[in-house]
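# Coordinate inspection notes
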Amino acid sequence: MVVEIPRWTNAKMEINTKSCLNPIIQDTKKGKLRFVPNVFPHKGYIWNYGALPQTWENPELLDEHTGCKGDNDPLDVLEIGYKVAKRGEILKVKVLGTVALIDEGETDWKILVINVEDPIAPEVNDIKDVEKHFPGLLKATVEWLKIYKIPDGKPENKFAFNGEPKDSEFALKIVSDTHEYWKTLLQKENTDGLSIVNTSLNNASTIDGEKAQAIVSESLPLSEPSPLLPEVDKWHFIKL
């Protein structure tokens, strides 16, 4: 997985699929940088949040399980190990299960995983092991995903399967299917603005390291971070 958002942080960082080489940037809303609210008792994201590269939730297909089209993004990943990861870090992970979120009418699978280097990883192989070794985390995961947009004035999110997590075999099938959809994306003449420029696939969109470095060099230089506004740390209380 590619880590976009370390656990306990609030900045809504994500892979920008429309920019060349797909950098991780902060999402914006109405011209302002986006932060997810802290909804009691949760502080920021409660897992290391990221994405599985070489997957794509196809917006042209109705998902057989949810009846909704894909969200046009890579699969989202929730890593539950003890270590707080770093933004941009690449982790080798074990797939444990999945939750089928319906986000504003689109299918948005959340794949639960654990870092294979986590000390407890050998004992955690399926969704039932999550409840055994991380009691309360599955319930908290569904709750977090259900309510995190409510402070922004949006309704609670819905789920397929009534929010029940599916097991690792089911989740691996979702990973496999979305990997195949990604393969079809690479063959498209028109990718609807998605950038498939890469340095390693040896296809028509592959560029060499020198050109990739030139693209990176053209990026804006790093600057001092802006101070966080006080409302980023505000705690919201939601009654469903």
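If you're wondering where the values come from, they're calculated on a predicted model, not measured in any experiment.

## So, the environment of Lys18
- Within the secondary structure, Lys18 sits in the loop between strand S2 (13–15) and strand S3 (24–26).
- Between the C-alpha atom of Lys18 and that of Ile196, which follows or precedes it by 178 residues, the distance is 8.5 Å.
- Beyond its immediate sequence surroundings of up to four residues, Lys18 is in contact with Asp192, Gly193, Leu194 and Ser195.

## Observations concerning a nonpolar patch on the surface
- Together, Phe40, Trp235 and Phe237 line one region of the surface with nonpolar side chains, adding up to about 370 Å² of accessible area.
- By the secondary structure assignment, Phe40 is in the loop between strand S6 (38–39) and strand S7 (48–52).

## Topic: the pattern of salt bridges
- All told, the structure shown has 11 salt bridges when counted by the stated rule.
- Residues Glu60 and Lys188 are paired through a salt bridge, measuring 3.3 Å at the closest nitrogen-oxygen approach. One end of the pair, Glu60, is in the loop between S7 and strand S8 (75–79); the other, Lys188, is in the loop between helix H3 (168–187) and helix H4 (209–217), and 128 residues separate them in sequence.
- Note that Asp76 and Lys110 form a salt bridge whose closest N and O atoms lie 2.7 Å from each other. Of this pair, Asp76 sits in strand S8 while Lys110 sits in strand S10 (residues 106–115); the two residues are 34 residues apart in sequence, bridging distant segments of the chain. Note on accessibility: Asp76 and Lys110 belong to one class, buried.

## Notes on the packing of aromatic side chains
- On inspection of all chains with the given rule, the structure shows 10 aromatic pairs.
- Aromatic side chains Trp47 and Tyr49 sit 6.3 Å apart centroid to centroid with 40° between the ring planes, which places their arrangement in the tilted category.
- Every member of this aromatic cluster is reached through a ring pair, and the members are Tyr45, Trp47, Tyr49, Trp144 and Tyr148.
- The ring of Phe161 has Lys166 sitting right over it, with the charged end atom 4.5 Å from the ring centre.
- Between Lys166 and the ring centre of Phe170, over which it is positioned, the NZ or CZ distance is 5.4 Å.

## Some points on the nonpolar core
- Of all hydrophobic cores here, the largest spans 28 residues; its most connected members are Trp47, Ile80, Val130 and Trp144.
- For this core, the leading source of residues is helix H2 (residues 137–147), giving 6 residues.

Thresholds applied
- Residues numbered from 1 in each chain as written.
- Predicted model: local features only at pLDDT ≥ 70, side-chain atom pairs only at ≥ 80, totals over all residues.
- Heavy atoms only, no water.
- Helix = DSSP H or I, 4+ residues; strand = E, 2+ residues; numbered from the N terminus.
- Contact = heavy atoms within 4.5 Å.
- Patch = residues over 30% accessible without salt bridge, like charges linked within 9 Å, V, L, I, M, F, W, Y side chains within 5 Å.
- Areas by Shrake-Rupley, 256 points an atom, 1.4 Å probe, with all protein chains shown as cover.
- Salt bridge = Lys/Arg side-chain N within 4 Å of Asp/Glu carboxyl O.
- Buried < 20%, exposed > 50% of the residue type's maximum accessible area, 1.4 Å probe, protein only.
- Phe/Tyr/Trp six-rings, centres within 6.5 Å; stacked < 30°, edge-to-face > 60°.
- Lys NZ or Arg CZ within 6 Å of the ring centre and 35° of its normal.
- Core = buried A, V, L, I, M, F, W, Y, C linked by side-chain atoms within 4.5 Å.

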